[in-house]
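# An overview of the molecular structure
Next come the chains, spelled out residue by residue.
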Amino acid sequence: MSEYRRGGRNNFSTFCSAQYPGFANAKDRHIATILPPQRSRFAAWALVLIVLSLAAGIGMREPMPPDEPRFALMAQHMVESGNWLFPHRGHELYAEKPPTFMWMQAAAYQVGRDWRIAFLLPSLLAGLATLAFTCDIARRLWNWRIGIVAAGALFACVQFGLQAKRAQIDMVLVALTTMALWALLRVLLLRGHKSLAVVGGFASGLGTVTKGVGFLPLLLLPSAMALRRFLAKGNALPSLAPMTILALAGFVLGALVWLAPMLFAVLGSEDPALHGYARDLLLRQTGERYADPWHHVQPFWYYAKTIFTLWLPGALLLPWLVPAWWNRIKRRDARFVLPLVWGVLVLLFFNVSPGKREVYIFPALPAFCMAAAPLLPALLRRADVRGVLLGWLVLLAIAAAAGAAFAWLDPHSRASAMALKRGLDISVLQALAISFAVLAAGVALVAFVLRRKPARAVVLGTSILWFVVGFGVAPALSEDSSGSVLMRRVGERIGMEAELGLVAWTEQVLLQADRPVREFGFKRAVEDQWRDGAAWVREHPSRRWLLVNAQALDGCAEREQTVAVGRSNRRDWVLVPAAALHGNCGDSP
């Protein structure tokens, strides 16, 4: 391409028009501008801010519910037991998710020897990888400027930062699905080497054994087949049959990374628990959970609410983006058509199932950002679009200021009642008030100084948001929400020589225990846990205690003889000594 650059912008546009017939339209020529030095400097500084803001606070907090303690607990078990093939929650096998994400956490610990960093590191790295793949495919389809815009648009959406700063599987899943899209789009639209089809399939297969829906990028191939005649006048697609075979081969290889050793171990064992584990994970937690879910049942409009909350501020631009996308679709520009069709298929796929969670549609977000990026430079010339983005920042600043005022000026009425309900100390409210005040001031300042450059203001405002969450909000909530305060109080009350058992427990309680703990199953019926727990305590009544969710006390212990140790995550917890146990606790009626 260097010969076109030497000839100036006209020849560069000629090159783009030759590669993509739809490019020659005058309305699209702004896409071909080379990134000028000033924008290069801003892009470099923005990249540094994005990385630092996503990493902000790593190592400063403990795993917090709902999912983080569970995965950290299983990763810890892998390291301590040496059994990396079958994840365990306590002594029970955990068959709800494959172990890939926990492998990453355990491997991060093996390198850094610090669980506070290790449990968050996979999500951070996956978030950065997702931005890199999004930027690179947009750069290849258009140019560097559009690549940077695509990554900035993705970073600015609220859901992206939330997942990159949480130790949940979904950020790693999205990194793998975006990698698969990156590889398959390169083959489909840029005549990339066919080996990239194997790479895309492998990423999709590995995504499937990370979370069951990792196969979704492969839907791009039948979509391209169905649209081949429609796109023929705009973009000639390569032969799809060989690419599909290679992608499926890569998919099998990626899935076998875990499936092969797991099935080999299960088929070579007579342990019914392992056979039940394989059946549950491969059948019940996949197809059955999709077709007939037993939780997270939501109405059909649930994902519209998700888009217009968690995909902000990008969702605010849909009134302008949708007509612009439709125009590009009518021009048969495959660079827009394929990512948009795939993103819509993802939304439809998850909307068909009655079970819905906001993270399910997260894999579609990078695809929509890819398709939006080439249009954003022109849209940002419009005063109404700039006003909407500045309005978003003003709204964010006002919300943060209101939160600060609520926590600071009303610490002993509604705010304290809410804190008491969650088991939070009043000092936590004060820390939150300071964090919200800093966020409000920072976002308001950015909105004022960069009011003529709202896109930059949004990126910087989003960076401030994640800096404040990482260094302020999350550490303030950590001790109470993670259960570390509760378990420290338990350890002080029973002394270091005592033994502790758990009944009706949560993952964070086991994770934060300061000693080896005896538990009696997590998914077992509470009465069965009581029966075994009571028998265990009576073997050595002078030194054994049970820590129990207070709601599970009825019929097994005298409340007057238990020891209240506090509230955590909306649950009251009590210590139960042998003297408090009923004689028939856990016996069948």
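Residues numbered from 1 in each chain as written. Predicted model: local features only at pLDDT ≥ 70, side-chain atom pairs only at ≥ 80, totals over all residues. Heavy atoms only, no water.

## Topic: the overall build of the protein
Of the regular secondary structure elements, the protein holds 26 helices and seven strands. Residue pairs in contact within the protein that sit at least 24 positions apart in sequence constitute 71% of those at least 6 positions apart. (Helix = DSSP H or I, 4+ residues; strand = E, 2+ residues; numbered from the N terminus. Contact = heavy atoms within 4.5 Å.)

## So, the packing of helix α12 (residues 220-231) against helix α17 (residues 334-352)
Their axes nearest at 10 Å, the elements α12 and α17 cross at an angle of 135°. Comparing the axis directions of α12 and α17 gives the class oblique. Crossing of α12 over α17 shows right-handed handedness. Contacts between α12 and α17 involve L220, S223, A224, L227, F230 and L231 on the former and, on the latter, A334, V337, L338, V341, W342 and L345. (Axes fitted to C-alpha atoms, helices over the stretch in contact; angles between N-to-C directions. Parallel < 35°, antiparallel > 145°, perpendicular 65-115°, else oblique. Left-handed = near helix turned anticlockwise from the far one by under 90°.)

## A short note on the packing of aromatic side chains
The final tally for this structure, using the stated rule, is 14 aromatic pairs. Consider the rings of F71 and F101, whose centres lie 5.6 Å apart with planes at 80°: the pair is edge-to-face. Separated by 30 residues along the polypeptide, F71 in helix α4 (residues 68-81) and F101 in helix α5 (residues 100-112) bring together distant segments of the chain. With a centroid separation of 6.1 Å and an interplanar angle of 35°, the aromatic rings of W325 and F368 are classed as tilted. Separated by 43 residues along the polypeptide, W325 in helix α16 (residues 318-330) and F368 in helix α18 (residues 364-372) bring together distant segments of the chain. Both residues of the pair, W325 and F368, belong to the buried class. Through a chain of ring-to-ring contacts, three or more aromatic side chains come together here, namely F215, F349, F350 and Y360. The ring of F71 carries the charged tip of R70 above its face, separated from the ring centre by 5.9 Å. Lying over the aromatic face of W144, R139 brings its terminal NZ or CZ to 5.0 Å of the ring centre. (Phe/Tyr/Trp six-rings, centres within 6.5 Å; stacked < 30°, edge-to-face > 60°. Buried < 20%, exposed > 50% of the residue type's maximum accessible area, 1.4 Å probe, protein only. Lys NZ or Arg CZ within 6 Å of the ring centre and 35° of its normal.)

## Brief notes about the pairing of strand β5 (residues 544-549)
In summary, the side chains of a regular strand alternate between the two faces of the sheet. Buried residues dominate β5, accounting for six of its six residues. Going residue by residue along β5, you find R544, L546 and V548 tucked away on one face and W545, L547 and N549 tucked away on the opposite face as well. Where strand β3 (residues 499-503) meets β5, five bridges bridge the pair, whose relative direction is parallel. Residue L502 lies in a different strand from β5, and its bridge partner there is L547. Inspection of the sheet shows β5 paired to strand β7 (residues 571-576) by four bridges, in the antiparallel sense. Across the sheet, the residue bridging to L547 is L575, located in β7. (Pairing = 2+ DSSP bridges.)

## As for α17
Compared with the 27 Å implied by 1.5 Å per residue over 19 residues, the 26 Å span of α17 between its first and last C-alpha is a close match. Restricting attention to buried positions, one finds in α17 the residues A334, R335, F336, V337, L338, P339, L340, W342, G343, V346, L347 and F350. Structurally, α17 contributes buried residues whose contacts are with α7 (121-141), α10 (169-190), α12, α15 (302-310), α16 and α18. (Expected span 1.5 Å × (residues − 1).)

## As for the pairing of β3
In terms of burial, β3 is largely enclosed, as four of its five residues are buried. As paired strands, β3 and strand β4 (residues 517-519) are joined by three bridges and run parallel to one another. Its bridge partner being in β4, L502 is matched across the sheet by E519.

## A few points about a nonpolar patch on the surface
Taken together, L263, L267, L282 and L283 make up a surface patch of nonpolar side chains, about 390 Å² in accessible area. Among the secondary structure elements, those contributing two or more residues to the nonpolar patch are α13 (240-267) and α14 (272-291). Structurally, L283 is set in helix α14. (Patch = residues over 30% accessible without salt bridge, like charges linked within 9 Å, V, L, I, M, F, W, Y side chains within 5 Å. Areas by Shrake-Rupley, 256 points an atom, 1.4 Å probe, with all protein chains shown as cover. Salt bridge = Lys/Arg side-chain N within 4 Å of Asp/Glu carboxyl O.)

## Brief notes about helix α20 (residues 383-409)
Helix length check: α20 (27 residues) gives 38 Å between terminal C-alpha atoms against 39 Å at 1.5 Å per residue, within 8%. Among all positions in α20, only V385, L389, L390, W392, L393, L396, A397, A400, G403, A404 and A407 are buried. The elements touched by buried residues of α20 are α9 (158-164), α16, α19 (376-379), α22 (426-449) and α23 (454-482).

## Re the sheet that holds β4
Spatial strand order, β4-β3-β5-β7-β6: five strands in an open sheet with mixed pairing. Two strands in the sheet have a free side with no partner beyond their single neighbour: β4 and β6 (563-568). Direction aside, the axes of adjacent strands within the sheet are offset by 25° on average. Strand direction decides the pairing type here: β6 and β7, joined by five bridges, are antiparallel. Residue A564 lies in a different strand from β7, and its bridge partner there is V574. Against the sheet, helix α26 (residues 526-539) touches β3, β4, β5 and β7, its axis set at about 155° to β5.

## Examining the confidence of the model for the protein
Counting all residues, the mean pLDDT for the protein is 89, and 88% of those residues have values of 70 or more. Taken together, the stretch residues 1-34 has pLDDT below 50 and engages in 48 contacts with residues farther than four places along the chain or on a different chain. (pLDDT = per-residue confidence, 0-100.)

## Looking at the pattern of salt bridges
One pass over the structure, following the stated rule, counts 22 salt bridges. When the shortest N-O distance is used, the salt bridge between R488 and E479 registers 3.2 Å. Relative accessible area serves as the criterion here: at 38%, E479 is assigned to the partly exposed category. Each of D67, R70, R89, E96, R357, E507 and K523 takes part in a single network of salt bridges with overlapping partners.

## Overview of the nonpolar core
With 164 residues, the main nonpolar core has W311, W325, L338, L500, L547 and L575 as its most contacted residues. In terms of residues, this core owes the most to one element, α10, which gives 15 residues. Non-local contacts of L547, meaning those with residues more than four positions away in its chain, are made with M487, V490, L500, G501, L502, V503, V509, V565, W573, V574 and L575. Within the second largest apolar cluster, 19 residues are counted, among which are V503, A534, V548 and L581. (Core = buried A, V, L, I, M, F, W, Y, C linked by side-chain atoms within 4.5 Å.)

## A word on the environment of F101
Residue F101 is classed as buried on the basis of its relative accessible area, which comes to 0%. Not counting residues within four places of it along the chain, the set of residues in contact with F101 comprises F71, P122, S123, A167, Q168, I169 and V172.

## Re unusual backbone geometry
For residues other than glycine, phi is negative in most cases, and the peptide bonds are mostly trans. Between P65 and P66 the backbone carries a cis peptide bond, its omega angle lying at 15°. Structurally, P66 is set in the loop between α3 (37-55) and α4. In this structure, the amide linkage connecting L312 to the following residue, P313, adopts the cis form with an omega of 0°. The phi dihedral of A504 is positive, around 55°, even though this residue is not glycine. One non-glycine residue, N569, adopts positive backbone phi at about 55°. The buried category is assigned to N569, whose relative accessible area is 13%.

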